[in-house]
Amino acid sequence: MKIREHVGSALLSLILALIVWVSATYRNDPPREDFFPQEIPIQVLNAPAEFVVTNAPADSVQVKLRAFSSTWEHLRVSDFSVTANWGELEPGVNTVDVKVTCADPTVSILDIHPEMVYVRVEPKRSELKKVEVELTERDQVPLGYRVYSPEVSPTFIAVEGSASAVDRVAQMKVSLSLIDQRTSLERQVEPIPVDREGRRVEGVSFSPTKVTVRVPIEKKQNYREVAVRVRTTGTPSRGYFFSGLDVVPPTVTVVGPPETIEAMGGYVETKREIDLTGATRMIAQKMELDLPEGVSVLDSREGEVFYVLVTANIDAVTAGTTIEVPLSAKKVREDLQARMSVPTVDVILTGPAVLLDELQTDLLDAYVDVSGLGVGTHQLEPKVEMLVPEDSELRDLVVKDISPKYVEVTLSLPPTATPTMEVSPTPTMTETVVSTMTPTPEPTATATLKIHR
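A. Broad picture of the overall build of the protein. For the protein, the helix and strand inventory stands at five helices and 38 strands. When the 453 residues of the protein are sorted by exposure, 34% land in the buried category. Long-range contacts, defined here as pairs at least 24 residues apart, represent 75% of the contacts in the protein between residues at least 6 apart. Working note: accessible area of the protein is about 27500 Å², and carbon and sulfur atoms make up 50% of it.

Rendered as structure tokens:
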């Protein structure tokens, strides 16, 4: 009896002490109810691989909780675990409960927003779709060039996504622009999944992500694009100089017998020169082209003379110089050789007269850049560089113009040398055979200097 009385007294004392402790704790560190200041991301569990999500389900929640004031100061997002189990999803719209726990046992979860997420899924599907190539700006290909049907590799691409999205994909579309294209092109392009109306289809992936497209383009034998070259004669009045020549159009496409077109070279001259004698201002003249028999300018009216508009610019500056500079080809592929339609170009310079008097022709480098070009004939714009240091006074000279403005460059494989056999006339048991190759001499060009003031 006494033992029971002692146990009861002890329990009562313990309960009273606990009440006192809780009361003291609540007074010193009262609990607070509020929403956690940050959204907590949802961790998806057991996502089925055979389905594709077709909506954007909520990926985070707001949590309302109760915790001691001291605990709020130390709570972090990492203290919470928010999960949604997708293990039992079925095709269509699914409702999945969100569960939240906290690593601190003194924290009570009061509310979750949202309490559940809506997940719409469809069965995953993969199909092969054909790659179609669209060539744009075909009318911008220069006249005289033929564009053949494009080739694409691979021709089919595996498209993956929801069944409805994959069904909407009619083709994998590739677009290439042919504006000003004169040579065959080959590019790697990323295709676009489109529906029957040409609209892009979202929500699908595809492999491979790029295809190789090749478009053969060749020059027709009876057409040729050539530069227009105009010669000048005479010099302007004292105190003026010839500062440049503009030709409209600078190039023309000619048509005629294939053998005549092939023999023309890369330029055509006007029938007469433009006379600069005593000029003090700009000269503009319509000039007729000196075309071979049977050759005409494409799209010109039959029986009518085709003219180009030539403008000679005359400026009143200290001095001007026309220099004939040898032309070279740079960045030629090691397995190719280059042949140009003209060996030299006329370089028109302006600047102080004293510098022009001291200028040496070997300080000018005229060239055409053929980097990236393959076998064929190309119309290229020549460039000129001054081979002097940056701080040289000669840097004050300005290249005003280059004539002709375009040069035809033919890139080809070097010819295979043909060996000749020489047999020793001595009738011995062993014959001596000598193989000789005669190298073709390289053409040379001489720079000349003509100064007009």
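B. Region of the structure containing the pairing of strand β28 (residues 320-330). One ladder, built from seven bridges, connects β28 with strand β30 (residues 344-350); its direction is antiparallel. Each bridged residue has a counterpart across the sheet, and for isoleucine 323 the counterpart in β30 is valine 347. Across four bridges, the pairing between β28 and strand β31 (residues 364-369) is parallel. Looking across to β31, one finds that leucine 327 is bridged to alanine 366.

C. Fine view of the sheet that holds strand β11 (residues 151-153). Read across the sheet, three strands follow the order β11-β17-β14 without closing on themselves; strand pairing throughout is antiparallel. Edge positions in the open sheet fall to β11 and β14 (185-189), since each of these has one partner strand only. Each strand of the sheet is rotated relative to its neighbour by a mean of 20 degrees, with strand direction disregarded. Inspection of the sheet shows β14 paired to strand β17 (residues 211-215) by five bridges, in the antiparallel sense. From the neighbouring strand, valine 189 faces β17, where its bridge partner is valine 211.

D. Geometry of the sheet that holds strand β26 (residues 296-297). One open sheet accounts for four strands, arranged β23-β19-β22-β26; its pairing is mixed. Two strands bound the open sheet, and with one partner strand each, they are β23 (267-269) and β26. In the sheet, strand β22 (residues 251-255) pairs with β26 via two bridges, with the strands oriented antiparallel. Counted as the bridge partner of valine 254 is valine 297 from β26.

E. How the structure looks around the packing of aromatic side chains. Under the defined criterion, the tally for this structure stands at one aromatic pair. The positively charged end of arginine 229 is found above the aromatic ring belonging to tyrosine 267, 5.6 Å away from the centroid.

F. Broad picture of the environment of arginine 182. Within the element layout of this structure, arginine 182 appears in the loop between β13 (171-177) and β14. Note on arginine 182: relative accessible area 30%, which makes it partly exposed. Spatially, the C-alpha atoms of arginine 182 and leucine 143 are 9.6 Å apart, while their sequence positions differ by 39 residues. Non-local contacts of arginine 182, meaning those with residues more than four positions away in its chain, are made with Pro142, Tyr145, Ile217 and Glu225. Among the polar contacts made by the side chain of arginine 182, one reaches the side chain of glutamate 225 at a distance of 2.9 Å.

G. Representation of the nonpolar core within the structure. Core analysis: the biggest nonpolar cluster contains 27 residues, and Leu359, Leu364 and Leu394 have the highest contact counts within it. If you list the elements that add at least two residues to this core, you get β28, β30, α5 (353-358), β31, β33 (383-386) and β35 (407-412). Apart from the residues within four sequence positions on either side, leucine 394 is in contact with Leu355, Leu359, Leu363, Met386 and Val388.

H. Structural detail: the confidence of the model for the protein. Here the protein averages 84 in pLDDT, while 85% of its residues score no lower than 70. At the level of individual helices and strands, the protein shows its lowest average pLDDT in strand β37 (residues 433-436), which scores 35, and its highest in β17, which scores 95. Below pLDDT 50 for its whole length, residues 426-453 participates in 54 contacts with residues either more than four positions away or in separate chains.

I. View of unusual backbone geometry. Omega for the peptide link from serine 153 to proline 154 comes to -5 degrees, which places this bond in the cis form. Among the structural elements, proline 154 can be located in the loop between β11 and β12 (156-162). Cis geometry marks the peptide bond from valine 248 to proline 249, where omega comes out at -5 degrees. Tracing the backbone shows proline 249 in the loop between β21 (241-248) and β22. Look at asparagine 46: it is not a glycine, yet its phi comes out positive at around 60 degrees. Examined against the element boundaries, asparagine 46 turns out to sit in the loop between β3 (43-45) and β4 (51-53). Given the relative accessible area of 54%, asparagine 46 is considered exposed. The phi dihedral of aspartate 180 is positive, around 55 degrees, even though this residue is not glycine.

J. A look at the pairing of strand β5 (residues 60-68). The sheet contact formed by strand β1 (residues 31-35) and β5 spans five bridges and is antiparallel. Bridge assignment links aspartate 34 to a residue of β5, and that residue is leucine 65. The pairing of strand β2 (residues 40-41) with β5 spans two bridges and is classified as antiparallel. Across the sheet, isoleucine 40 pairs through a bridge with valine 61, a residue of β5. As paired elements, β5 and strand β8 (residues 108-113) share five bridges and run antiparallel to each other. Bridging across to β8, arginine 66 finds its partner in serine 108.

K. Representation of the side chain of lysine 129 within the structure. Relative to the elements of secondary structure, lysine 129 occurs in strand β9 (residues 116-136). Judged by its relative accessible area of 10%, lysine 129 falls in the buried class. Reaching out from lysine 129, the side chain makes a polar contact with the backbone oxygen of valine 169 at a distance of 3.0 Å. The contacts of lysine 129, once residues within four sequence positions are left out, are Thr155, Phe156, Ile157, Val159, Val166, Val169 and Met172.

What counts, and at which threshold
Residues numbered from 1 in each chain as written. Predicted model: local features only at pLDDT ≥ 70, side-chain atom pairs only at ≥ 80, totals over all residues. Heavy atoms only, no water. Helix = DSSP H or I, 4+ residues; strand = E, 2+ residues; numbered from the N terminus. Buried < 20%, exposed > 50% of the residue type's maximum accessible area, 1.4 Å probe, protein only. Contact = heavy atoms within 4.5 Å. Areas by Shrake-Rupley, 256 points an atom, 1.4 Å probe, with all protein chains shown as cover. Pairing = 2+ DSSP bridges. Axes fitted to C-alpha atoms, helices over the stretch in contact; angles between N-to-C directions. Phe/Tyr/Trp six-rings, centres within 6.5 Å; stacked < 30°, edge-to-face > 60°. Lys NZ or Arg CZ within 6 Å of the ring centre and 35° of its normal. Polar contact = N/O pair within 3.5 Å; in protein donor to acceptor, adjacent residues only side chain to side chain. Core = buried A, V, L, I, M, F, W, Y, C linked by side-chain atoms within 4.5 Å. pLDDT = per-residue confidence, 0-100.

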